[in-house]
Each structure stands twice: as C-alpha cells, then as structure tokens.
Amino acid sequence: MPPISAVIQLRRGPGGAHRVAVLIRREGPGDAAVIREITVAAFARPGRVPTEAALVDELRESAAWIPALSLVAIGPDGEVTGHVLCTRGHVGDVPVLALGPLAVRPGRQRAGVGSALMHAVLGAGDALGELLVALLGDPGYYGRFGFRLASEYRIAPPVAGWQPHFQVRVLTAYRPSVRGTFRYAEPFDRA
C-alpha cells in the first residue's frame, strides 16, 4: 500500500506569521525517537514525569498497533512537529479506535498542527472503514472535531469517573447497535 499523506494549509501562527503548509504522513521507521521527544516535551509539567511517551512505545509493540493510524506532521523545514495515534480499542467485543496521545512541539502549539493531525487521522480511520473513535480529553477542544460525550451513544468509559471527558466521534461505518463499555488496549492500563 502506498504511503498515506496530505498537505494541509494552517492558519496564521503566533505573531501573525505567514500561512505555512504541513505534510501529514504515516510514521516512518526512523520517527520513533523524535515522536518520543515531542511527546515528552508536549506533556511535560513541573513535578510530573510524562507517561505518554512510554505509552506510545508500548503501543507500538502491542497487538493494538495500527501502522496506518500513527501520523506525523512535517513542517516546511522538514522537521517533525507533531504526532497523533489511533490504536485498537473495543466496545464490548466490537473493534473500534482509541485516539491518543496527540502531541505537538511546544513551539508549534496553537498554530493548527494538532487540528491538521486530528482531521487527517479521523479521515484515515474513516477511509479504513472503522466505526468510531473514542478518547479521554477536553470536550471544548475535541468537540470541534465532531466528538460528543460517549454516553450519548450509550458507550461507557472504562472508569466511571471519566464520564464528563470520555468522548466518541462516529465515522461513516458506525452502527447504533455498538453499545457497552469501552476498553483500551492493555498498555493504557499502565499509563
């Protein structure tokens, strides 16, 4: 299968910089180290060791890994500036997608890179005939990509307390009969 890629035009960046294009492509064999670096930087907080980078590495080695849904954003200088990942999850026994983590280099955040990655991974999942994408995140951010609270679709989070932040984006192949409790791939249990 030929590589999946797209060029997406971003909105103006900080300080009104000119519009730039990013290339969205599948993760390549040499990208793991830079993805780890970006993920650590994106999730770094004082007094907190980010677990997201180790999670990506563990997912890459698991049966839940879907190579076509690990995407990177390449800036005009050829540098990897962001990464998004969907892996195999389940609603009951039905295979669906789990999104996350989504990471963008701190210096490129709020410039549209994350949005470009989200649109690309949702489109790729839809093209692959997937039913839906689930995630745990800020409804204010992810709502603009069509995510809604999972409870609207009668899908429960794996942890009841996640309800206000557990969301689903249905794709073209979605069937309303897909209901039940969502289950992430095993590496998420350690994150």
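What you see is a predicted model, and the numbers here were worked out from it, not measured in a lab.

Leu59, Leu132, Ile155, Phe166, Val168 and Phe182 are the most contacted members of the largest nonpolar core, which has 32 residues in total. Broken down by secondary-structure element, the contributors of at least two residues to this core are α1 (32-43), α2 (52-60), β3 (70-74), β4 (80-91), β5 (94-104), β6 (132-136) and β9 (166-170). Here this core gets five residues from one element, more than from any other, and that element is α1. What Leu59 contacts, discounting residues up to four positions off in sequence, is Trp65, Leu85, Thr87, Gly100, Ala185, Pro187 and Phe188. Counting 26 residues, the second largest nonpolar core, distinct from the first, contains Val84, Cys86, Ala124 and Tyr142.

This part takes up α1. In a regular helix each residue adds 1.5 Å, so 12 residues correspond to 16 Å; α1 covers 16 Å between its end C-alpha atoms and thus fits that length. Along α1, the residues that are buried comprise Ala32, Val34, Ile35, Ile38, Thr39, Ala42 and Phe43. The buried residues of α1 occupy an angular sector of 160° when projected down its axis, which confines them to one face.

Moving on, we come to the confidence of the model for the chain. Looking at the chain, the pLDDT average stands at 90 and 89% of residues meet or exceed 70. Here residues 13-18 scores under 50 on pLDDT; set against residues more than four positions off or in separate chains, the count is three contacts.

All right, on to helix α3 (residues 113-127) then. Compared with an ideal rise of 1.5 Å per residue, which puts 15 residues at 21 Å, α3 spans 21 Å between its outermost C-alpha atoms and is within 8% of the ideal. Among the 15 residues of α3, 11 are classified as buried, and the element is accordingly described as predominantly covered. Those residues of α3 that sit buried are Val113, Gly114, Ser115, Ala116, Leu117, Met118, Ala120, Val121, Leu122, Ala124 and Gly125. Looking one or two residues past α3, Gly129 carries a phi angle of roughly 80°, positive in sign.

Before going further, it helps to spend a moment on the layout of surface pockets. Counted as a void, the largest pocket has a volume near 1,100 Å³. Lining the largest pocket are 33 residues, and of these Phe43, Pro101, Leu102, Leu136 and Tyr142 lie nearest its centre. Looking at the lining of the largest pocket residue by residue, the classes come out as 19 nonpolar, six polar and eight charged.

Residue placement: His90 occurs in strand β4. In this structure His90 comes out as partly exposed when scored by relative accessible area, which is 22%. Between the alpha carbons of His90 and Ala185 there is a distance of 8.2 Å; along the sequence they are 95 residues apart.

It is worth spelling out the side chain of Glu27 at this point. Structurally, the position occupied by Glu27 is in the loop between β2 (21-26) and α1. Of the residues examined, Glu27 reaches a relative accessible area of 17% and is grouped as buried.

Calculation notes
- Residues numbered from 1 in each chain as written.
- Predicted model: local features only at pLDDT ≥ 70, side-chain atom pairs only at ≥ 80, totals over all residues.
- Heavy atoms only, no water.
- Core = buried A, V, L, I, M, F, W, Y, C linked by side-chain atoms within 4.5 Å.
- Buried < 20%, exposed > 50% of the residue type's maximum accessible area, 1.4 Å probe, protein only.
- Helix = DSSP H or I, 4+ residues; strand = E, 2+ residues; numbered from the N terminus.
- Contact = heavy atoms within 4.5 Å.
- Expected span 1.5 Å × (residues − 1).
- Arc of directions from axis to C-beta.
- pLDDT = per-residue confidence, 0-100.
- 1 Å grid on protein atoms, 1.4 Å probe; cavity = no way out; pocket = protein on both sides within 12 Å on 5 of 7 lines; lining within 4 Å.
- Points joined across faces, edges and corners; volume = space filled by probe spheres on them.
- Nonpolar A, V, L, I, M, F, W, Y, C, P; charged D, E, K, R; others polar.

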